[in-house]
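Next come the chains, spelled out residue by residue.
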Amino acid sequence: MKFLDNTLLSLAIIGCVNWGLIGFFRFDLVSFIFGDMTWISRIIYALVGLSGIYMLTFYGRIKSNMMD
């Protein structure tokens with residue numbers, strides 16, 4: 001479980017950095033590296049989105065750790 005958490009957290013951070021670059025500089029790093037909406041970039045965007053959804057479970061874990 002810890003490997004999955006670390007992997008998906010890393011993907012979420014990559015997504016956050018990419019959105020920061022888009023917001024500040026209008027530069028999409030994923031599109032720059034892999035092309036504009038190629039199948040590889042779409043997979044990366046999908047994985048980043050799924051990892052963000054998975055990160056929502058951290059709220060429940062943080063709350064349960066505070067109760068212990």
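Residues numbered from 1 in each chain as written. Predicted model: local features only at pLDDT ≥ 70, side-chain atom pairs only at ≥ 80, totals over all residues. Heavy atoms only, no water.

**Some details on the overall build of the protein**
Quick note on the threshold: A run of DSSP states H or I qualifies as a helix once it reaches four residues; a run of E qualifies as a strand once it reaches two. Both are numbered from the N-terminal end. Restricting the calculation to C-alpha atoms gives the radius of gyration, and the globule rule supplies 2.2 Å times the number of residues raised to the power 0.38. Only protein chains enter the accessibility calculation, which uses a 1.4 Å probe; a residue whose area is less than 20% of its type maximum is buried, one above 50% is exposed, and one in between is partly exposed. In this description, contact between two residues means that some pair of their heavy atoms is separated by no more than 4.5 Å. Residue-level accessible areas treat just the shown protein chains as cover; the underlying method is Shrake-Rupley with a 1.4 Å probe. When charges are counted, Lys and Arg contribute as positive and Asp and Glu as negative, whereas His and the chain ends are disregarded. By convention, the point assigned to a charge is CZ for Arg, NZ for Lys, CD for Glu and CG for Asp.
Along the protein, the regular secondary structure elements total four helices and zero strands. At 14 Å, the protein has a C-alpha radius of gyration far larger than the 11 Å of a compact globule built from 68 residues. For the protein, the spread of C-alpha atoms along the three principal axes comes to 45 × 25 × 15 Å. Relative to its full complement of 68 residues, the protein shows a buried share of 18%. Counted over contacts in the protein with a minimum sequence separation of 6, partners at least 24 positions apart contribute 50%. Surface accessibility of the protein: about 5500 Å² in total, with carbon and sulfur atoms responsible for 74%. Charge centroids of the protein, computed over 5 positive and 4 negative side chains, lie 4 Å from each other.

**Points about the packing of helix α3 (residues 39-55) against helix α4 (residues 57-67)**
Inclusion rule: Fitted lines through C-alpha atoms serve as axes, helices being fitted only where they are in contact, and the angles separating the N-to-C directions of these axes extend from 0 to 180 degrees. Angular relationships are summarised with four words: roughly parallel below 35 degrees, roughly antiparallel beyond 145, roughly perpendicular across 65 to 115, and oblique for the angles in between. Charged residues are taken to be Asp, Glu, Lys and Arg, nonpolar residues to be Ala, Val, Leu, Ile, Met, Phe, Trp, Tyr, Cys and Pro, and polar residues to be all remaining types, Gly included.
Interaxial distance between α3 and α4 falls to 4 Å at its minimum, and their mutual angle equals 25 degrees. By the angle class used here, α3 and α4 are roughly parallel. In this structure, α3 uses Ile 53, Tyr 54 and Met 55 to contact α4, whose residues at the interface are Thr 57, Phe 58, Tyr 59 and Arg 61. Residue classes in the contact of α3 with α4 are distributed as five nonpolar, one polar and one charged.

**Some words on helix α1 (residues 2-25)**
An α-helical turn contains 3.6 residues, so a residue and the one three or four places further along point in the same direction. The condition is simple: Expected helix span is given by 1.5 Å per residue-to-residue step, counting one fewer step than there are residues.
An ideal rise of 1.5 Å per residue puts 34 Å on 24 residues; α1 measures up with 34 Å between its terminal C-alpha atoms. The inward-facing, buried residues of α1 contact α2 (29-34), α3 and α4. Once α1 finishes, Arg 26 follows within two positions and takes phi at roughly 55 degrees, a positive value.

**Quick look at the packing of aromatic side chains**
Rules: The pairing test for Phe, Tyr and Trp rings, Trp by its six-membered ring, is centres within 6.5 Å, and the orientation test on the planes gives stacked under 30 degrees, edge-to-face over 60, and tilted for anything in between.
What the rule picks out here adds up to three aromatic pairs. With a centroid separation of 5.2 Å and an interplanar angle of 55 degrees, the aromatic rings of Phe 27 and Phe 32 are classed as tilted. Under the relative-accessibility criterion, Phe 27 is labelled partly exposed at 32%. For Phe 32, a relative accessible area of 61% translates into the label exposed.

**Considering the side chain of Ser 31**
Positionally, Ser 31 belongs in helix α2. Take Ser 31: its relative accessible area is 15%, and that puts it in the buried class. For Ser 31, the contacting residues outside a window of four places in its chain are Asp 36 and Tyr 45.

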